[in-house]
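Single-letter residue listing:
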Amino acid sequence: MPLEAGLLEILACPACHAPLKEQETEGQETKEQETELICTGKDCGLAYPIRDGIPVLLVDEARRPA
């Protein structure tokens, strides 16, 4: 379920305040497509999950880049 364009424009990475982009990824446990918000900061790159259509913008919940 894609986020509204207006919402994506105002969201920022809580760690470095860079813009976020929406990206589809394959889930590790379920092997289903999952949507994440990826930080566009050069030194950050955290991936924040979207659960039930709600972005979880908590650094502790973010996935580190591989």
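Scroll up to find the structure this text is about.
Note that the coordinates shown come from a computational prediction; the quantities given were computed from them, not determined experimentally. (Residues numbered from 1 in each chain as written. Predicted model: local features only at pLDDT ≥ 70, side-chain atom pairs only at ≥ 80, totals over all residues. Heavy atoms only, no water.)

Draft legend 1. Highlighting the sheet that holds strand β1 (residues 20-26). Ordered in space as β1-β2-β3-β4, the four strands form an open sheet in which the pairing is antiparallel. Among the strands making up the open sheet, the edge pair consists of β1 and β4 (54-55). For strand β3 (residues 47-51) and β4, the ladder comprises two bridges, and the chain directions are antiparallel. Bridge pairing in β4 links I50 to P55. (Pairing = 2+ DSSP bridges. Helix = DSSP H or I, 4+ residues; strand = E, 2+ residues; numbered from the N terminus.)

Draft legend 2. Looking closely at the environment of I50. Within the fold, I50 resides in strand β3. The spatial distance from the C-alpha of I50 to the C-alpha of E34 is 7.8 Å, given a sequence separation of 16 residues. The residues contacting I50, other than those within four sequence positions of it, are L3, E22, T35, E36, L37 and P55. (Contact = heavy atoms within 4.5 Å.)

Draft legend 3. Spotlight on the pairing of strand β2 (residues 33-39). For β2, the tally of buried residues reaches five of seven residues, placing the bulk of the element in the interior. Taken together, the seven bridges between β1 and β2 define a ladder with antiparallel strand orientation. Across the sheet, the residue bridging to K21 is I38, located in β2. Relative to β3, β2 runs antiparallel, the two being bridged by three bridges. When the bridges of β3 are listed, I38 appears paired with A47. (Buried < 20%, exposed > 50% of the residue type's maximum accessible area, 1.4 Å probe, protein only.)

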